Amino acid sequence: MRKIRSIYSRMLNKKRGGFFQNSFIKALLFCMVLPVITGCVPEKKPDDEIKIGVCVYDQYDTFLTQLLECFDNEVNGNEVNGNVSVEYVYASQNQMTQNDQVEEMIEKGMDVICVNLVDRTAPTTIIDLARKNNVPIVFFNRELVGEDLMQWSKLYYVGADAYESGRLQGELAADVCKRNRIIIDKNGDGLIQYVVLEGEAGHQDSIIRTEYSVNTMIDMGIEVEKIGYAIANWNRAQAQTKMAQLIERNGDEIEVVLANNDDMALGAVDAYESAGVPKTERPAVFGIDGTDVGLKAVADGSMRGTVYNDKEGQAEAMYKLAIALANNDDPDELGLVDGKYKRLPYTIVDVRNVDDYLEKK
Ligand code: GAL
């Protein structure tokens, strides 16, 4: 079967001229094309190899690295339907590179491709390629707009609800501020002076988390004052640099740091560490993701809390969806919303329950 697949993909490759001269191949081609013409696509046999391509926006993203480790565990731990092979590629934050990578994956005969878009507003080339070659796409983590997902029936999204992550971070921060008012409101003015460390501009999680986190704190009765913000692109080192500037500008006025993810929260902690500020005089720092390092920081008190981004659940959903699509099974059995979306819930993690999450590892 693997051999037939590779012959078939060579036939599809227009660069190889003269291939059709072989009459055996002509007969083979006829046999393979006939079911497509008659609309009867053969069911995948249980012992077929399933090939999954995974295209990722960047190789240096902590949360995604851990999500893909979970995906790998799914692949290795589930021997469903015979052999499953996975190929990963990274686009170094370049959408054109990713478009080419998807095209190569299609040429290699992937049954389904999981795509973590570089630019979530520019999926059209990938959608066109997928539709033309009838290869289903499972987009994940970087959510494209609804209209784009509707462009073709075999497009899906696996991720989480950005609004929920913002709301939960706000609830967590409000709760910590209420319970530790005197310690956190260092200048005792009744207001919580805060700064925000934002992820990439234009990313659904940055925009929504920032807005909903702050608004939830206000809704829960915390009076807040924004004294600064910086974009740090999900990145720990960038966050450290930006946070050092915010500390220089605002001194010990900063009482709360709301970071759109754990890596940036940890960058803020690094900045306080380098500035030699004692732990007891630092602001309360909050992240999102629950990465390994993030959870450790919650456990040791350098972060006050985080919001768990369920990488295990997302990896499982991606895997199950990919297998269902490769087998021509009905993906709706996986409980998709609107037949297209699978969103896993977020949960709050603080010092009281962090051990449960550390044990998950
Ligand atoms: C977010 C996550 C960030 C980063 C980003 C990449 O959901 O919280 O840490 O991984 O996705 O798209």
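Just so we're clear, the structure is a prediction, and the values are computed from it rather than from any experiment.

## Digging into the packing of aromatic side chains
In the structure shown here, the tally under the stated rule is four aromatic pairs. Aromatic pair Phe-71 and Tyr-319: ring centres 6.2 Å apart, planes at 75°, arrangement edge-to-face. Taken together, the residues span a long stretch of sequence, with Phe-71 in helix 3 (residues 62-77) and Tyr-319 in helix 13 (residues 311-326) at a distance of 248 residues. The class for Tyr-319 is buried, based on a relative accessible area of 3%. Here the aromatic rings of Tyr-157 and Tyr-341 are separated by 6.3 Å at their centres, their planes lie at 65°, and the arrangement is edge-to-face. Of this pair, Tyr-157 sits in strand 5 (residues 155-160) while Tyr-341 sits in strand 11 (residues 341-344), and the two are 184 residues apart along the sequence. Owing to a relative accessible area of 9%, Tyr-341 belongs among the buried residues under this scheme.

## Remarks on the sheet that holds strand 5
If you walk across this open sheet you meet the six strands as 2-1-3-4-5-11, and the pairing is parallel. Here the strands that pair on one side only, and so sit at the sheet edges, are strand 2 (84-90) and strand 11. Within this sheet the neighbouring strands show an average axis-to-axis angle of 15°, counted without direction. Strand direction decides the pairing type here: strand 4 (residues 137-140) and strand 5, joined by four bridges, are parallel. Each bridged residue has a counterpart across the sheet, and for Val-138 the counterpart in strand 5 is Tyr-156.

## Re the site of the ligand
In the vicinity of the ligand, the contacting residues are Tyr-57, Asp-61, Phe-63, Asn-141, Arg-142, His-203, Asp-205, Arg-209, Trp-234, Asn-261, Asp-289 and Asn-309. For the ligand, the accessible surface in isolation is 310 Å², of which the surrounding protein chains cover 99%. Within the shell around the ligand, the residues separate by chemical class into three nonpolar, four polar and five charged. The residue makeup of the shell around the ligand includes at least three contributed by each of domain 2 (50-160 + 311-329) and domain 3 (163-309).

## Quick word on the environment of Val-195
Summarising the element assignment, Val-195 is placed in strand 6 (residues 192-198). You can call Val-195 buried: its relative accessible area is 0%. Remark: the alpha-carbon pair of Val-195 and Asn-250, spanning 55 residues in sequence, is separated by 9.9 Å.

## Brief notes about a negative patch on the surface
On the surface, a cluster of negative charge is made up of Asp-189, Glu-225, Asp-252, Glu-253 and Glu-281. Relative to the assigned elements, Asp-189 resides in the loop between helix 8 (181-184) and strand 6. Its relative accessible area of 35% is what places Asp-189 among the partly exposed residues.

## Quick look at the side chain of Ser-165
For Ser-165, the location among the structural elements is in helix 7 (residues 162-179). With relative accessibility at 0%, the residue Ser-165 sits in the buried group. With sequence-adjacent residues up to four places away left out, Ser-165 is seen in contact with Arg-209, Ile-288, Val-307 and Tyr-346.

## Examining the nonpolar core
One finds Ile-52, Phe-71, Phe-140, Leu-197 and Met-243 to be the most contacted residues of the largest nonpolar core, which totals 61 residues. Ranked by the residues each element gives to this core, the list is headed by helix 13, at nine residues. Here this core spans two domains, since at least three of its residues come from each of domain 2 (50-160 + 311-329) and domain 3 (163-309). Discounting residues that sit within four places of it in the chain, Leu-197 has contacts with Ala-230, Ala-239, Met-243, Leu-246, Val-257, Leu-258, Ala-259, Asn-260, Met-264 and Ala-268.

Thresholds applied
- Numbering of residues starts from 1 in each chain and follows the order in which that chain's sequence is written.
- Where local features are concerned, this predicted model is filtered to residues with pLDDT of at least 70; where side-chain atom pairs are given and counted, the filter is 80 or more; whole-chain, interface and lining totals use all residues.
- Working from all heavy atoms in the structure, the side-chain values ignore hydrogens and water.
- Note on aromatic pairs: the rings of Phe, Tyr and Trp (six-membered ring only in Trp) are paired at centre separations within 6.5 Å, and the planes decide the class, stacked below 30 degrees, edge-to-face beyond 60, tilted for the rest.
- The helix count covers DSSP runs of H or I at least four residues long, the strand count covers runs of E at least two residues long, and both are numbered beginning at the N terminus.
- Relative accessibility under 20% of the residue-type maximum defines a buried residue, over 50% an exposed one, and the middle range a partly exposed one, all with a 1.4 Å probe and only protein chains included.
- Each pair of strands is called paired provided DSSP finds at least two bridges between the two strands.
- Axis lines are fitted to C-alpha atoms, over the contacting stretch for helices. Their N-to-C directions set the angle, which ranges from 0 to 180 degrees.
- Any residue with a non-hydrogen atom lying within 4 Å of a molecule or strand is treated as near it.
- Here, Shrake-Rupley sampling with a 1.4 Å probe gives the accessible areas, and only protein chains in the shown set may cover a residue.
- Polar here means any residue other than Ala, Val, Leu, Ile, Met, Phe, Trp, Tyr, Cys and Pro, which are nonpolar, and Asp, Glu, Lys and Arg, which are charged; Gly is therefore polar.
- Domain delimitation in this document rests on an assignment produced automatically or drawn from a domain database.
- Exposure above 30% relative accessible area and no salt bridge define the residues that can form patches, which grow by joining like charges within 9 Å and nonpolar side chains of Val, Leu, Ile, Met, Phe, Trp and Tyr within 5 Å.
- For salt bridges, the criterion is a side-chain nitrogen of Lys or Arg within 4 Å of an Asp or Glu carboxyl oxygen.
- In this tally, Asp and Glu contribute negative charge and Lys and Arg positive charge; neither His nor the terminal groups of the chain are included.
- Taken as the charge centre is NZ of Lys, CZ of Arg, CG of Asp or CD of Glu, depending on the residue.
- In this analysis, two residues are considered to be in contact whenever any of their non-hydrogen atoms come within 4.5 Å of each other.
- To define a nonpolar core, start from buried Ala, Val, Leu, Ile, Met, Phe, Trp, Tyr and Cys residues and group those joined through side-chain atoms within 4.5 Å.

Keep in mind these numbers describe shape, not what the thing actually does.
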